[in-house]
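# Coordinate analysis (summary)
Residues per chain, in single letters:
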Amino acid sequence: MNFRTIYLICFLNFFSSLAFAQQSRFVYLQSDNGKPFYLKNGSQIMSSSSAGYLIVPKLSDGKFQ
């Protein structure tokens, strides 16, 4: 193998890894007093743990209210 072949393999490997990289977005919420709470995201309702925290996974880009 010559230098060009090795360079090409490294170049393609680098850019293919960028193409398949996923951005994982999440939010961690915790109540001040440690009590459970509920969260409404669109039509979905999520409940926190009994210790008062909730992880909302797989969020898309954008703003949430």
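Here, the structure is the one placed above.
Anyway, here's the lowdown on the structure attached to this text. (Residues numbered from 1 in each chain as written. Predicted model: local features only at pLDDT ≥ 70, side-chain atom pairs only at ≥ 80, totals over all residues. Heavy atoms only, no water.)

Within the protein chain one finds one helix and four strands. Relative to its full complement of 65 residues, the protein chain shows a buried share of 11%. Working note: accessible area of the protein chain is about 6200 Å², and carbon and sulfur atoms make up 59% of it. (Helix = DSSP H or I, 4+ residues; strand = E, 2+ residues; numbered from the N terminus. Buried < 20%, exposed > 50% of the residue type's maximum accessible area, 1.4 Å probe, protein only. Areas by Shrake-Rupley, 256 points an atom, 1.4 Å probe, with all protein chains shown as cover.)

For the rest of this paragraph, the subject is the environment of Ser47. Along the chain, Ser47 turns up in strand E3 (residues 44-47). Residue Ser47 is classed as partly exposed on the basis of its relative accessible area, which comes to 43%. Those residues in contact with Ser47, other than ones at most four positions away along the chain, are Phe37, Tyr38 and Leu54. (Contact = heavy atoms within 4.5 Å.)

Here the focus is the pairing of E3. Relative to E3, strand E2 (residues 38-41) is paired through four bridges, and the arrangement is antiparallel. Paired with Leu39 across the bridge in E3 is Met46. Hairpin remark: E2 followed by E3, antiparallel, with two residues in the connecting loop; positive phi at Gly42, about 70°. (Pairing = 2+ DSSP bridges.)

Position of Ser48 among the secondary structure elements: in the loop between E3 and strand E4 (53-56). According to the relative accessible area criterion, Ser48 is buried, its value standing at 12%.

This brings us to the packing of aromatic side chains. For the structure on display, the rule yields one aromatic pair. Ring geometry for Tyr28 versus Tyr53: centroids 6.0 Å apart, planes at 25°, classification stacked. Pair noted here: Tyr28 is in strand E1 (residues 27-30) and Tyr53 is in strand E4, with a separation of 25 residues, a long-range link. (Phe/Tyr/Trp six-rings, centres within 6.5 Å; stacked < 30°, edge-to-face > 60°.)

With respect to the secondary-structure elements, Leu39 resides in strand E2. Each C-alpha atom of the pair Leu39 and Leu29 lies 9.7 Å from the other, and the pair is 10 residues apart in sequence. Leu39 has contacts with Leu29, Gln44, Ile45, Met46, Leu54 and Val56, leaving out every residue within four places of it along the chain.

The grouping of Phe3, Tyr7, Leu8, Phe11 and Leu12 at the surface amounts to a nonpolar patch, some 600 Å² of accessible area in total. Tracing the backbone shows Phe3 in helix H1 (residues 3-20). (Patch = residues over 30% accessible without salt bridge, like charges linked within 9 Å, V, L, I, M, F, W, Y side chains within 5 Å. Salt bridge = Lys/Arg side-chain N within 4 Å of Asp/Glu carboxyl O.)

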